[in-house]
Each structure stands twice: as C-alpha cells, then as structure tokens.
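# Chain and residue survey
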Amino acid sequence: MKQSVHDVVFVDGVRTPFGKANGVYDETRADDLVIRCIRALLQRNPNLPPERVEEVALAATTQTGDQGLTIGRTAAILAGLPRSVPGFAIDRMCAGAMTAVTSVGASIGVGAYDIAIAGGVESMTNHPMGEGADPNPRFVAENLVDPDALNMGNTAEALHDKFPTITKERADAYAAQTQERYAKSVDKLSRDLTTMSARNSDEGWTLVTADEPPRPGTTVEGLAGLRTPFRPHGRVTAGNAAPLTDGATACLLASSQAAEELGLPVGMRMVAFAYAGVDPELMGEGPIPSTEKALAKAGLTIDDIGLFEINEAFAVQVLAFLDHFGIPQDSEKVNPMGGAIAVGHPLASSGVRLMSQLSQSFAENPHVRYGITTMCVGMGMGGTIIWENPAYNGEGA
C-alpha cells in the first residue's frame, strides 16, 4: 500500500536552562538533562498517550560515556516511555537536534509514523568538542582541508578575512544587541524552560531555573577590550562568540492529522528543509547555501521570510548571512529574543531552541507567514528549515 504525504507540525519544545561549561551542571549526567526534557514534554501535553510516541531521535556531538549508547533509546526508557517506543542517536555536530527533527519529520511526512520526539544534548563540561576524535591525517597531508578547519574559532577569523567589511566593531555591536534582546525576553523564554535538579560538590543540590551564560549589561565598550584568543589582533573574542555550554532540548513533532485527533497544539508547520556543504575552513558560510536551497525547494524567496532564528556560533557568521541576503544588522526580524551569544550553544541541542523561539514569535506575529531556523555546522555545512505560521492572518509576508 502506497504511503501518503502528511503535513508535519511542531507541537511543543522544551529545554533545560543552559549552564556554563564547568558551571551548574558540572556533576550532572548528560542523559539526565535530556531525560528531564522528555518528561517535561509529556507533562506539558497530557492529551498525548505515551504509547502514541513512535520514535525518539536524540543528537549528541560527542557520542561517548553518558552521551553514548544510542541515547535516543536509552533516554526513552529512562524517561518512562513504554518499552515499545524505539529510539536512535544522531550526530551532525551543531545541527544534531535540527537533523533529528528533519529525520523524524520526513518519516512523519511519508506516513511511517504519526508522533515522534526529537532533540539533543551536550555536556561541554564533561565532553569537550573533539574529545576522543582522531581526524584522519590525510585531511592535512593531502591538502583536503586547511588545518584551521579543525578549530571553530579559526574558521570564524577566516570568515572575517573573507568579508573585511564585517569588522570587530560590527561583531561586538551585534553581540551587545543579542545580549540586550535576551535580557528583555527572559520572561517569554522561561515559558519553554523545564527546571533541573543539579548537584555541585561545593553547594550540594540546587534547582536550576534560569540560564547561566547570559551577561546582562554587556556594552560595546566592554567588549572592545576582550582578548582575541585565536589570533593576535584578531576579531573573534569570548564576547562575540557563543560560550561553551551544557544543556538539552526536546520537541514533539506530529502529523497534522494526529495533532487534530489528540487535540495537540500546533506551533508551526514544516515547509521545507535543506543541508549544504561549504569549505570546512569557512564553516560559518554554511547557512547561506542551505537557505538558498531550502527556499528553492519551497518556491519562496528571502523576501517571503518574516522571522529568522539564526544560531549565533559567532557574530561574524550571522553577519555574513545578513549581508548576503541584504538584511539589516539590527533587524527586528532576526533573533528577536536574543541568541546563542547570550544564552549559550550546547552544540547538538541548539536546533530545537531555535524552533521553540520561532514558534513563540509566530504566535506573537500573526502577520508573518514564514520563518526560518538555520545554523552553521562544523566541517563546513549549513542547515535550514522553513516553517509556516498556523496563526497567519493573511495580512503580511
């Protein structure tokens, strides 16, 4: 029997508060972070019988220790889902959770199942990026990639080199802007947080209720004096880059039919998605071709997009995207509630944070029909998903 095509909807997304590396979660297991998110999703959506969940796809960049062992399956069991619910693990570095969403979304779209959970987790405290990795020496010996491609900070400096109009001053101004927008949006962002118990050897048990990385009161003047660790007299600093972060996310995806049947809320509808490769040493360019590819698949142009959630691995990467598409640096359409430079970037988990924020912004902006979540990915990739606002009232783009 031929499978039919179904609309795929984003129902709900949650995340733990994000913590600084070596901060509040330094003694917390990574799997416990994402288990808490799965439980919170079920608690927030009591109309969903747990046995109706048909897949759990979870991402981690460093799949070892408490982030290994096919974490989608093990976390599903530990979260209390029925043993009949399968699960799997994904790695597309920073776009791990995004890939989890598009993987299960595509399966829902062709009718393989109706309801799935997708997300990601990263403990950068206990599993630093690249831990245990053994890059093949041919990459460098055969000049397949520049050695700088293996260091994300160096790729950001290389992007500054390629686009000299993106100065350190512009990057710092963008960073201060995102800190300010986050600070103004804390109450709204807290709607999608699930509290997390954490233990610290110095302070004992504590209840984590807020993000740890943001730096309120950040100014351009304060950022100007920060050192440039990747290059003498460089342009990338700790202030205009995402901090090392621990955290987890999870979201509920469904076919539109299943959502209607169960009375589940619909935050947005998946329209199209795309991934693209770029030179690894210019990793930050990835969202440009992936967005162009997704727009072409959807039959849309950049002018049709009314809201953007762009992961802020580095300010220069966001600015390269905005300049390419002719979007002003201070546009209210872009990361209106702040981004990763403020809240942090726990690698494989960040994709779902972007989606949760876009879903909230859709509800507040019924004149906006389409939005984008996009991010750059290590080793030279980009990922983009186009979403449609179910609250669209027909009055705008």
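Conventions we followed
Residue positions are given per chain, counting from 1 as you read along its sequence in written order. In keeping with the predicted nature of the model, local features appear solely for residues at pLDDT of at least 70, side-chain atom pairs appear and are counted solely at 80 or more, and the whole-chain, interface and lining totals rest on all residues. Values reported for side chains reflect all heavy atoms of the structure, with hydrogen atoms and water molecules removed beforehand. UniProt positions are given in the numbering used here, feature names are shortened, and annotations may be inferred rather than shown by experiment. Helix and strand definitions follow DSSP, with helices as H or I runs of at least four residues and strands as E runs of at least two, each counted in order from the N terminus. Both definitions apply: the radius of gyration is a C-alpha atom measure, and the globule rule equals 2.2 Å times residues to the power 0.38. Here's how the labels work: a residue is buried when its accessible area is under 20% of the maximum for its type, exposed when over 50%, partly exposed in between, all with a 1.4 Å probe on protein chains only. We call two residues in contact when some of their heavy atoms are within 4.5 Å. Only the protein chains shown count as cover for residues, and the accessible areas themselves come from Shrake-Rupley with a 1.4 Å probe. In summary, the charge assignment counts Lys and Arg as positive and Asp and Glu as negative, without counting His or the chain termini. For charged residues, the charge sits on one atom: NZ in Lys, CZ in Arg, CG in Asp, CD in Glu. Helix span is expected to be 1.5 Å times the residue number reduced by one. Cavity means a closed set of points on a 1 Å grid over the protein atoms alone, one where a 1.4 Å probe fits but cannot get out, pocket means an open set with protein on both sides within 12 Å along at least 5 of 7 lines, and lining means a residue has an atom within 4 Å of a point. Working definition: a disulfide is two cysteine sulfur atoms within 2.5 Å of each other. Grid points are joined across faces, edges and corners, and a volume is the space filled by probe spheres set on the points. Residue polarity follows a fixed list, in which Ala, Val, Leu, Ile, Met, Phe, Trp, Tyr, Cys and Pro are nonpolar, Asp, Glu, Lys and Arg are charged, and the others, Gly among them, are polar. For two strands to pair, DSSP has to find at least two bridges joining them.

The name an unreviewed UniProt entry assigns to the chain is Thiolase family protein, from the organism Natronoglycomyces albus. Quoted verbatim from the Sequence similarities (unreviewed entry) field of UniProt, the annotation for the chain is "Belongs to the thiolase-like superfamily. Thiolase family."

## Digging into the overall build of the chain
Along its length, the chain carries 13 helices and 12 strands. Its C-alpha atoms give the chain a radius of gyration of 20 Å, within 12% of the compact-globule value 21 Å for 397 residues. Along the first, second and third principal axes, the C-alpha set of the chain runs to 60 × 55 × 45 Å. Relative to its 397 residues, the chain shows a buried fraction of 57%. Partitioning the intrachain contacts of the chain with sequence separation of at least 6 by distance along the chain shows that 80% fall at a separation of at least 24. For the chain, the exposed area adds up to about 15,600 Å²; of that, 51% sits on carbon and sulfur atoms. Once the 30 positive and 47 negative side-chain charges of the chain are each reduced to a mean point, those two points are 2 Å apart.

## Considerations on unusual backbone geometry
For residues other than glycine, phi is negative in most cases, and the peptide bonds are mostly trans. Here the phi dihedral of asparagine 22 falls at roughly 65°; this positive angle occurs in a residue that is not glycine. You can see asparagine 22 is positioned in the loop between strand E2 (19-20) and helix H1 (30-44). Unusually for a residue other than glycine, asparagine 335 sits at a positive phi of about 45°. One can find asparagine 335 in the loop between helix H11 (315-325) and helix H12 (340-343).

## Concerning the side chain of glutamine 177
Structurally, glutamine 177 can be placed in helix H6 (residues 168-184). With relative accessibility at 15%, the residue glutamine 177 sits in the buried group.

## So, helix H3 (residues 96-109)
Helix length check: H3, at 14 residues, gives a terminal C-alpha distance of 20 Å against a target of 20 Å (1.5 Å per residue), a fit within 8%. In terms of residue burial, H3 counts as a mostly covered element, since 11 of its 14 residues are buried. If you check which residues of H3 are buried, you get Gly96, Ala97, Met98, Thr99, Ala100, Val101, Thr102, Val104, Gly105, Ile108 and Gly109.

## Considering the UniProt feature "active site" (unreviewed entry) in the chain
As annotated by UniProt and renumbered to match this structure, "active site" (unreviewed entry) occupies Cys94, His345 and Cys376. Taking the farthest pair of C-alpha atoms as the criterion, the annotated set spanning 283 residues converges on one region, since that pair is 11.9 Å apart. Those annotated residues from the list above that line the largest pocket are Cys94 and His345. By secondary structure assignment, the location of cysteine 94 is in the loop between strand E4 (87-90) and H3. Owing to a relative accessible area of 8%, cysteine 94 belongs among the buried residues under this scheme. The topology assignment puts histidine 345 in the loop between H12 and helix H13 (350-364). Non-local contacts of histidine 345, meaning those with residues more than four positions away in its chain, are made with Cys94, Met124, Ala242, Pro243, Thr245, Asn311, Ala313, Ala340, Ser350 and Met375.

## Considering the state of the cysteines
For the coordinates displayed, the defined rule picks out zero disulfides. Among the cysteines around cysteine 37, which has no disulfide bond, cysteine 251 carries the closest sulfur, lying 11 Å off.

## Points about H11
Of all 11 residues making up H11, nine are buried, and the element is well covered by its neighbours. By the burial criterion, the buried members of H11 are Ala315, Val316, Gln317, Val318, Leu319, Ala320, Phe321, Leu322 and Phe325. Next to the buried residues of H11 lie helix H5 (152-162), H6, helix H10 (287-298), strand E10 (305-310), H12 and strand E11 (370-377). Two residues or fewer past H11, glycine 326 is found with a positive phi of approximately 70°.

## Structural notes on the UniProt feature "domain: Thiolase N-terminal" (unreviewed entry) in the chain
The sites that UniProt annotates as "domain: Thiolase N-terminal" (unreviewed entry) are residues 8-256. End C-alpha to end C-alpha, residues 8-256 measures 6 Å, and it is 32% helix and 19% strand.

## Some thoughts on the layout of surface pockets
Looking at the largest pocket, its volume works out to about 960 Å³. Surrounding the largest pocket, 34 residues form its lining, Met129, Gly130, Leu150, Asn151 and Met152 being those nearest its centre. Broken down by class, the residue content of the lining of the largest pocket amounts to 23 nonpolar, seven polar and four charged.

## A closer look at empty space enclosed by the protein
Overall, the coordinates contain one cavity of 30 Å³ or more when judged by the stated rule. One number sums up the size of the largest cavity: a volume of about 50 Å³. Every residue lining the largest cavity is listed: Arg15, Leu189, Asp192, Arg353, Ser356, Gln357 and Gln360. In terms of residues, the lining of the largest cavity owes the most to one element, H13, which gives four residues. Taken together, the residues of the lining of the largest cavity break down into one nonpolar, three polar and three charged.

## Observations concerning the pairing of strand E1 (residues 8-15)
Most of E1 sits out of view: eight of its eight residues are buried. Judged from the seven bridges that link them, E1 and strand E8 (residues 245-255) form a sheet pairing that is antiparallel. Its bridge partner being in E8, arginine 15 is matched across the sheet by threonine 249. For E1 and strand E9 (residues 268-277), the ladder comprises two bridges, and the chain directions are antiparallel. Within the sheet, the bridge partner assigned to valine 9 lies in E9 and is arginine 269.

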